[in-house]
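If you want the building blocks of each chain, they are given just below.
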Amino acid sequence: MTEEISDSLNLPETGLILIGMGPGKFSSMTIEAIQAAKQCDSLRYEAYTALWPQNELDLLEAECGEITKVMRPEIETPELLLEMARNSLVGLLVVGDPLQATTHVDLQLQAAEAGIECITFHGISITTIVTGALGLSNYKFGRQTTLTYPYGGWVATSPLEVIAMNMSLGQHTLALLDLDPTGAGTGQQKPMMPADAVQSVVSMIDKLKNNFDDLLNDSPYDAFKIESLRTILNIPLNDFRVVLCSDMGTPSQNIVSTNLEALSQINGGGMNCLVFLGNMSDVEEKALLRWQ
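Residues numbered from 1 in each chain as written. Predicted model: local features only at pLDDT ≥ 70, side-chain atom pairs only at ≥ 80, totals over all residues. Heavy atoms only, no water.

Structural notes on the nonpolar core
With 40 residues, the main nonpolar core has Leu16, Ile19, Trp52 and Leu60 as its most contacted residues. Of all the secondary-structure elements, those providing two or more residues to this core are strand S1 (15-20), helix H2 (31-39), strand S2 (42-46), helix H3 (54-64), strand S3 (67-70), helix H5 (79-87), strand S4 (89-94) and helix H6 (102-113). Sequence-distant contacts of Trp52, defined by excluding residues within four places in its chain, comprise Met21, Gly22, Pro23, Gly24, Lys25, Phe26, Met29, Tyr45, Leu57, Leu60 and Val95. In this structure, Val198, Val201, Leu229 and Phe240 belong to the second largest nonpolar core, which totals 28 residues. (Core = buried A, V, L, I, M, F, W, Y, C linked by side-chain atoms within 4.5 Å. Buried < 20%, exposed > 50% of the residue type's maximum accessible area, 1.4 Å probe, protein only. Helix = DSSP H or I, 4+ residues; strand = E, 2+ residues; numbered from the N terminus. Contact = heavy atoms within 4.5 Å.)

Here is the structure:
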């Protein structure tokens, strides 16, 4: 069966192959993705947007061959990667689905502009796992965001603005948690823990409260954002309903329905994300009772 799939892939002799690794375990990769990785002349593992557990990465390497870790500079300035792809078949392994991040879409476009064939093998994404696992309606999620570390003391408030506007529309928000305290994407990863996420939200609240009168109000969009923030900035932390999702799609998966005040006392996993809850249907409320 695997030989038939391998033969049916019809991969080119040279080019760039974007390979979705799925959420965090070798057995969750598609058969096609594994077969594609085996056929590549070299494999690169993009390790700055998300991480796999080392033991699972070791299993993948044992099956598919040597894997070299690459970081942000090699992906955002991909001259070396594309030059390799001109002369050989290069596989870029990406946690989750390879086209969920704009960085990889941009890489795909750069390959096309350079006349290099680029093929994608999709993987299971956190964006699809979370909604079903929690029992929330996929149709009720608004824009996604990422809670970031305060790089060099700078507090970005855009994540809270996204959450506020989604909540005004009754929508849930999937918030991925940062992986890199430096913001450079060159290593030293430290997956954000729940307590760090709470501090990130509190820092954004404090900054917005102190600068509320300075917010731009030049368009209907700005006005909507201001009204949304006005509401969210007055919500006590213990009324701020969230769901912590840790190591989703792996044997260590853990889900906790809680509030922001209690969240800082909860241990996270290797990789974490949060869902900020909007308006809840009766079915959703009942589904979340499982995670309290």
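Digging into the side chain of Asp97
Looking at where Asp97 falls in the secondary structure, it is placed in the loop between S4 and H6. This buried residue, Asp97, is left without a salt bridge; Lys25 holds the nearest opposite charge, at 17 Å. From its side chain, Asp97 meets the backbone nitrogen of Leu99 in a polar contact 3.0 Å long. One polar contact links the side chain of Asp97 to the main-chain amide nitrogen of Gly123, over a distance of 3.2 Å. Apart from residues lying up to four places away in sequence, Asp97 is in contact with His122, Gly123, Ile124 and Ser125. (Lys, Arg positive; Asp, Glu negative; His and termini not counted. Salt bridge = Lys/Arg side-chain N within 4 Å of Asp/Glu carboxyl O. Polar contact = N/O pair within 3.5 Å; in protein donor to acceptor, adjacent residues only side chain to side chain.)

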